[in-house]
Every structure is written in structure tokens, then in C-alpha cells.
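Each chain is listed here by its residues.
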Amino acid sequence: MHTPRALLTAPGYLVRRMYQAYVASWVRQVDGVLTGPQFAVLVAVDENPGSDQGSLASAVALDRSTMADIARRMQEKGLITRTPDTQDGRRKLLNLTDEGRETLARSNVRARQLDELLLAGLDAEERAEVMAVLERLSGHWSDVAGRDQEWTAAP
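The following paragraphs examine the structure supplied in this document. Since this is a predicted model, take the numbers as computed values, not measurements. Numbers given for residues are sequential positions, taken from 1 along each chain in its written order. Thresholds applied to this predicted model are a pLDDT of at least 70 for local features of residues and 80 or more for the giving and counting of side-chain atom pairs; totals over whole chains, interfaces and linings are not thresholded and use all residues. Just so you know, side-chain values use all the structure's heavy atoms and leave hydrogens and water out.

### A look at the overall build of the protein chain
Selection rule: Working definition: helices are DSSP H or I runs of at least four residues, strands are E runs of at least two. Numbering for both runs from the N terminus. Using a 1.4 Å probe on the protein chains alone, a residue whose accessible area is under 20% of its type maximum counts as buried, one over 50% counts as exposed, and one in between counts as partly exposed. Two residues qualify as a contact provided that any one of their heavy atoms is within 4.5 Å of a heavy atom in the partner residue. Each accessible area is a Shrake-Rupley estimate made with a 1.4 Å probe; only the visible protein chains count as cover when residues are assessed. Charge assignment: positive for Lys and Arg, negative for Asp and Glu; neither His nor the chain ends contribute. Where a charge sits is defined by one atom per residue type, namely NZ (Lys), CZ (Arg), CG (Asp) or CD (Glu).
When helices and strands are counted, the protein chain shows seven helices and three strands. Mapped from its N terminus to its C terminus, the protein chain presents α and β elements in the order α-α-α-β-α-α-β-β-α-α. Its C-alpha atoms give the protein chain principal-axis dimensions of roughly 55 × 40 × 30 Å. A buried classification covers 25% of the 155 residues belonging to the protein chain. Looking at the protein chain alone, contacts between residues at least 24 apart form 50% of all its contacts between residues at least 6 apart. In the form shown here, the protein chain has an accessible surface area of approximately 10700 Å², with 56% of it arising from carbon and sulfur atoms. Positive and negative side-chain charges of the protein chain, numbering 19 and 22 respectively, have mean locations separated by a distance of 6 Å.

Structure follows, in C-alpha cells:
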């Protein structure tokens, strides 16, 4: 049986297929425990130590409640600290622990190796083009998802 053409021309279907393959590859080749979103949080905290949880959520495309859950679990694993802001105790400021830095360094090497595997067969120019298109689509799709749109049936 083959995949219906209607699906192969649907960007959402192809993105879902790619994402499923990516997650399976991540688990096998990068880390079977640390998830992609957790890795993204580690990267963001590493680049922005002491930043508040809400700002970091926005930087890694997570909603605030998901970010709060991920941050809590990462704190329990000893990867980050969450300290109340002295100006506003409701805000939590995030920093990596030594274990968090070690986990990030270890996972980052394997994540970059996975990136190489995923883009194998593309030269440097093609890789740059693919990444530029993915970045543009990511921003556009986020905009579309945030809009209140009226969805109408096709004529």
C-alpha cells in the first residue's frame, strides 16, 4: 500500500511524519530520558542564566503551564535551580546546576551528530536553504496558530 497523494501534498502531514521520525531518532541517538523540549530549556537557560521561566518559555516555544511542568521536573532531576525573583516572588529564575551543564554538554554532542545525520546528503548551501525555509515556516505557522480565523468548508 502506498501513501495517498493527498497526504503527500499536505504540509501538516509531512511535518508530522518528520516529527515522528525525529522523536524516534532523538530517543535512540541522543537521549532516551531527556526530551527535546527539556533539551531546549537547558540550551535556553545556559544562554540566559538567571532569566525568568516565562521569558524562557517564550524563547523555546512552550506555553507557560508546560514550561512550569518541565522546569519543575528538571529541578527534581537536579538539572536546574528555580529561585524566586526578589522583586516578584511569583517569577522563578532559572539556572543550570553542575549536573545540568554536564547533561547539556553530553546531549549537545549527540544532538549535533543527529543534526548531521538528518541533513546528510545536502551540501552547505542546501542545508542553509532548508534551515531558512524551516525557520520561516515555523514563524508563519506560529502566527497562523495564534490567529482567530474563520474556517470555512471548501466550495
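Past the structure itself, the notes keep going.
### Considerations on the packing of helix α2 (residues 11-29) against helix α6 (residues 98-118)
Quick note on the threshold: Each axis is a line fitted through C-alpha atoms, taken for helices only over the stretch in contact, and angles between the N-to-C directions span 0 to 180 degrees. Working definition: roughly parallel below 35 degrees, roughly antiparallel above 145 degrees, roughly perpendicular at 65 to 115 degrees, and oblique for all remaining angles. Here a crossing is called left-handed whenever its near helix is offset anticlockwise from the far helix by less than a right angle, and right-handed whenever the offset is clockwise. Under the scheme applied here, ten amino acids are nonpolar (Ala, Val, Leu, Ile, Met, Phe, Trp, Tyr, Cys and Pro), four are charged (Asp, Glu, Lys and Arg), and all others, including Gly, are polar.
The N-to-C vectors of α2 and α6 enclose an angle of 135 degrees; their axes lie 10 Å apart at closest approach. Between α2 and α6, the crossing angle belongs to the class labelled oblique. Where α2 crosses over α6, the two elements pack in a sense that is right-handed. On the side of α2, the interface is formed by Y22, S25, W26 and Q29, while α6 contributes R110, A111, L114, L117 and L118. Tallied by class, residues from the contact of α2 with α6 come to six nonpolar, two polar and one charged.

### So, a negative patch on the surface
Operational definition: A patch consists of residues whose relative accessible area exceeds 30% and which take part in no salt bridge; residues with like charges are grouped when within 9 Å of each other, and nonpolar side chains (Val, Leu, Ile, Met, Phe, Trp, Tyr) when within 5 Å. By salt bridge we mean one thing: a side-chain nitrogen of Lys or Arg within 4 Å of a carboxyl oxygen of Asp or Glu.
On the surface, D123, E125, E126 and E129 cluster together to form a negatively charged patch. Secondary-structure assignment places E129 in helix α7 (residues 124-146). Relative accessible area serves as the criterion here: at 44%, E129 is assigned to the partly exposed category.

### As for the nonpolar core
As a reminder of what qualifies: Nine residue types can take part in a nonpolar core, namely buried Ala, Val, Leu, Ile, Met, Phe, Trp, Tyr and Cys, and a core is a set of them joined through side-chain atoms within 4.5 Å.
Grouped together as the largest cluster of nonpolar side chains are 23 residues, with contacts concentrated most on V41, L42, M67, M74, I80 and L94. At five residues, helix α3 (residues 36-47) tops the list of elements feeding residues into this core. The residues touching I80, leaving out its near neighbours within four places in the chain, are L42, A71, M74, Q75, L94, N95, L96 and T97.

### A short note on the packing of aromatic side chains
Given two aromatic rings, their pairing is described by the distance between the two centres and the angle made by the two planes. Going by this rule: Each Phe, Tyr or Trp ring (for Trp, its six-membered ring) is paired with any other whose centre lies within 6.5 Å, and the angle between the two planes then decides the class: stacked below 30 degrees, edge-to-face above 60, tilted in between.
Evaluated as defined, the whole model comprises two aromatic pairs. Seen in terms of ring centroids, Y22 and W26 are 6.1 Å apart; in terms of plane orientation they differ by 45 degrees. Their pairing is tilted. Here Y22 and its partner W26 are both found in helix α2, four residues apart, which amounts to about one turn of the helix. Judged by its relative accessible area of 29%, Y22 is partly exposed. Owing to a relative accessible area of 4%, W26 belongs among the buried residues under this scheme. Three or more aromatic residues link up through ring pairs in this structure, and these residues are Y22, W26 and F39.

### Some thoughts on the sheet that holds strand β1 (residues 51-52)
To keep it simple, the criterion reads: Think of it this way: DSSP has to see at least two bridges between two strands before they count as a pair.
With respect to topology, three strands assemble into an open sheet ordered β1-β3-β2, the strand pairing being antiparallel. The sheet is open, and its two borders are formed by β1 and β2 (80-84), each paired with just one other strand. Strand direction decides the pairing type here: β1 and strand β3 (residues 92-96), joined by two bridges, are antiparallel. Each residue of the ladder has a partner; that of D52, found in β3, is L93. Contacts between α3 and the sheet are confined to β2 and β3, with β3 contributing the most and set at about 95 degrees to the helix.

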